[in-house]
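# Descriptive structure summary
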Amino acid sequence: MSRVEEVEGAGANGTADATGAADANATADGTGPVDATRTADAAGTLRGPSPLWTLGLFRSELTTTLRRWRTLALLGVLAAVPVLIGIAVKIETSDGGPVGDGGGQGPAFITQITNNGLFLVFAALAATLPVFLPMTIGVVAGDAIAGEASSGTLRYLLVAPAGRTRLLFAKYAATCAFCLVATLVVAGSALAVGALLFPLGDVVTISGTRISFGDGLLRAALVAVVVAASLAGIAALGLFVSTLTGSGIAAMATTVGLLITVQILDTIPQLHGIHPYLFPHYWLSFADLMREPVHWDEVVKNLGLQGVYVAVFGSAAWARFTAKDITA
Amino acid sequence: MTAAMQTGVETVIETRGLTKRYRGGQLAVDGLDLTVPAGSVFGFLGPNGSGKTTTIRMLMGLIDPTAGSATVLGRPMPRAVRTVLPQVGALIEGPALYGFLNGRDNLLRYDSADPSADPRTRGARVAAALDRVGLTSAAGKKAKAYSLGMKQRLGLAAALLRPRRLLVLDEPTNGLDPQGMREIRWLVRELAADGTTVFLSSHLLDEIEQVCTHAAVMAQGRLLTQGPVADLAAGARGRLAVVTPDTGDAARLLKELGVTGLSVEQDRVTGELPGADVELAELSAALVHGGVRVRGFGIERASLEDAFVALTGEGFDVAG
Ligand SMILES: Nc1ncnc2c1ncn2[C@@H]1O[C@H](COP(=O)(O)OP(=O)(O)OP(=O)(O)O)[C@@H](O)[C@H]1O
Ligand SMILES: [Mg+2]
């Protein structure tokens, strides 16, 4: 069951707004700047709120998320991964031998890094996508509603009034923007470390053909965007979990727990029947973007699957949040 | 002319049979019929757990009523939250802040949550709100480093970010020092003078008595009474009090003059007020004439506290 909320701009509301403006003018109190503000506000109210003002909440969400030390610590960990990979590869190959001498099978693209630092971007994304990246998103998405509920700030956002649907959209949009930020942090750090420790130059694709370094950079950007989009599913899942509980910690733990469970299920061969429906199943398909010509098959499947998760868990989160009693 | 007259809303809050039963089965509010007149400073009284905060949550659209209806500023809640709440400032069950943001950024965040608040005037409005609650010098400090009273002030500032037609304050003086309490009273009076209706829940009865024009008393989810404060206090009748060293004579004379319910304590004799047909001046003259050295003579007005205790009982225990 969801609540019906009246939309703005109805006839009666126009009157109310005008009155609000009149009040604002009538409210004279002492200091100069206050008066000026009130008058400006009154004028603004008369012209009616601009639809663009609604973006203020999204901006506020994103900046608030990025100003938490917890978020910064997670981004710091993400930025450190390429550094570690880069240094490890550098040390292992300092005697001139190729990577993987020991016969171990590292993440994809590792072997090409010594020839071209750009491959550190792909290697780092392949290394962080299974756990680190989605864990970061799980923490941010899980905390989105539940964290505000446990600190009590949710009730003040709602009486502001943020509007339940609008708040949920802003939260989801900010989480998706954060997916892109997190991915770009990995990619940016990898590019910097790669350029520092290894040579850069023409890129040899998986198919064996050569493309220019500029084209390679474009591919890297495309890969980053696809990786960020791969995280849309877990972002929606986390947001849904977040609407179920009043404890931010519980929501974060549940979301990360779900991620790990699904990742494990994805590795059990006996369960191959359900594998195509698990959200991380096609994550590593971004490697196909490094083929010449690009293999879009699994990439499209991945994005489609994310879309299904967003639709299902997004609706569930909306149904839950708009009908929920906010008692915290 | 008040805002109410312009829009034809004479009652700012009106509930009909408003009822809330929590999921645990707790009946927190039971058939509440509340009427808050426009322009009033309305005191909402009740012992702990009587359902005040629950009522306020329903009025603000945070929880759905189990039964009954509520209108705020003439519009149904929670349907009309988006049109009503920009005109309402609220402090509900204490302030809630982002500890990792400073005071100013907390207010900026709450203001940007309101889609009808103009971002061009945001900074100036935030500064004005901070100034109004006396937090300007602490605006750059992280909110987690605020004292309880400072947090309370910041919560109030959030309620004052825009000109409001209704202010809902759930125990606003909680944690404030005496100076802070006085400032809040002063602020409430100032806002009321501007035509803002103030709905104030509190335990501090003398505070309600000092600022409120109207009051309602709740107990165990039910409304016991509501109306102008003067009427409520008058409900618990005042007493005649005579201060004199000659208490024995005074009591005897008053009894002869028809005053009932006399009691003597130290140098005071008090009794039920006689009916309207007895002129008080005659009583005092009779006492003086009878040789009683009258040092004080008058009516002790019943306080709101007397009325409150008479309604809710003396017991201290919270009803389950
Ligand atoms: N989230 C909840 N779930 C279940 N019961 C609740 C919940 N919140 C409050 N109650 C119950 O509802 C009743 C009314 O609580 P409410 O918070 O409205 O009281 P109050 O008048 O604000 O009290 P106080 O003066 O202590 O703030 C209490 O019996 C309380 O136990
Ligand atoms: Mg309360």
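For the structure itself, look to the data block above.
The notes below deal with the structure included here. (Residues numbered from 1 in each chain as written. Chains lettered and ligands numbered in written order. Predicted model: local features only at pLDDT ≥ 70, side-chain atom pairs only at ≥ 80, totals over all residues. Heavy atoms only, no water.)

### Topic: the overall build of chain A
Looking only at helices and strands, chain A features 12 helices and two strands. Tracing chain A from N to C terminus, the helices and strands come up as α-α-α-α-α-α-α-α-β-β-α-α-α-α. The buried share among the 328 residues of chain A stands at 48%. Pairs at least 24 residues apart make up 75% of the contacts formed inside chain A by residues separated by at least 6 positions. Summing over all exposed atoms, chain A offers an accessible surface of approximately 14100 Å²; the carbon and sulfur share of this is 69%. (Helix = DSSP H or I, 4+ residues; strand = E, 2+ residues; numbered from the N terminus. Buried < 20%, exposed > 50% of the residue type's maximum accessible area, 1.4 Å probe, protein only. Contact = heavy atoms within 4.5 Å. Areas by Shrake-Rupley, 256 points an atom, 1.4 Å probe, with all protein chains shown as cover.)

### Re the site of ligand 1
Not every one of the 14 residues close to ligand 1 is listed here, only the nearest: Asn48(B), Gly49(B), Lys52(B), Thr53(B) and Thr54(B). In this structure, ligand 1 is bordered by residues of chains A and B. A distance of 3.2 Å separates an oxygen atom of ligand 1 from a polar side-chain atom of Gln26(B). With respect to ligand 1, the side chain of Asn48(B) contributes an N or O atom lying 2.9 Å from an oxygen atom. In isolation ligand 1 exposes 640 Å². Once the protein is present, 69% of that is buried. No other element matches the three residues that helix α2 (residues 52-59) of chain B contributes to the shell around ligand 1. Looking at the shell around ligand 1 residue by residue, the class counts come to three nonpolar, nine polar and two charged. (Near = heavy atom within 4 Å. Polar contact = N/O pair within 3.5 Å; in protein donor to acceptor, adjacent residues only side chain to side chain. Nonpolar A, V, L, I, M, F, W, Y, C, P; charged D, E, K, R; others polar.)

### Focus on the sheet that holds strand β13 (residues 263-265) of chain B
All names here are of chain B. Read from one edge of the open sheet, four strands run β13-β14-β12-β15, paired in antiparallel fashion. If you trace the sheet from one side to the other, it starts and ends with β13 and β15 (296-300), each paired once. On average, each strand axis in the sheet is tilted by 20° relative to the strand beside it, whichever way the strands run. Relative to strand β14 (residues 268-272), strand β12 (residues 239-243) runs antiparallel, the two being bridged by five bridges. What sits directly across from Val 243, in β14, is Arg 268. Of the strands in this sheet, β12 and β15 touch helix α11 (residues 280-289), which is tilted by about 150° from β15. (Pairing = 2+ DSSP bridges. Axes fitted to C-alpha atoms, helices over the stretch in contact; angles between N-to-C directions.)

### Quick word on the nonpolar core
Of all hydrophobic cores here, the largest spans 152 residues; its most connected members are Phe286(A), Met60(B) and Phe199(B). No other element matches the 11 residues that helix α8 (residues 164-197) of chain A contributes to this core. With residues up to four places along the chain from it excluded, the contact list for Phe199(B) reads Ile13(B), Leu34(B), Val36(B), Phe42(B), Phe44(B), Ile56(B), Leu59(B), Leu166(B), Leu167(B), Val168(B) and Leu169(B). Counting residues in hydrophobic clusters, the runner-up holds 11 residues, among them Leu240(B), Ala250(B), Ala251(B) and Leu287(B). (Core = buried A, V, L, I, M, F, W, Y, C linked by side-chain atoms within 4.5 Å.)

### Quick notes on the pairing of β12(B)
On a regular strand, one side chain projects to one face of the sheet and the next to the other, so that they alternate. As paired strands, β12(B) and β15(B) are joined by five bridges and run antiparallel to one another. From the neighbouring strand, Ala241(B) faces β15(B), where its bridge partner is Gly298(B).

### Observations regarding the packing of aromatic side chains
All names here are of chain A. This model, assessed by the stated rule, comprises 10 aromatic pairs over all chains. Aromatic pair Tyr 309 and Phe 313: ring centres 5.8 Å apart, planes at 25°, arrangement stacked. Of the two residues, Tyr 309 and Phe 313 are both situated in helix α12 (residues 297-322); the distance of four residues between them amounts to about one turn of the helix. Put simply, the rings of Phe 240, Phe 279, Trp 283, Tyr 309 and Phe 313 touch in pairs and so form one group of aromatic residues. (Phe/Tyr/Trp six-rings, centres within 6.5 Å; stacked < 30°, edge-to-face > 60°.)

### Brief notes about the pattern of salt bridges
This model, assessed by the stated rule, comprises 22 salt bridges over all chains. Linking Lys171(A) and Glu148(A) is a salt bridge whose minimum nitrogen-to-oxygen distance equals 2.8 Å. On the criterion of sequence distance, the pair formed by Lys171(A) in helix α8 and Glu148(A) in helix α6 (residues 132-151) is long-range, its members being 23 residues apart. For Asp118(B), the salt bridge goes to Arg120(B), with nearest N and O atoms at 2.7 Å. You can call Asp118(B) buried: its relative accessible area is 2%. Residues joined by salt bridges that share partners form a network here, namely Glu61(A), Glu148(A), Lys171(A) and Arg109(B). (Salt bridge = Lys/Arg side-chain N within 4 Å of Asp/Glu carboxyl O.)

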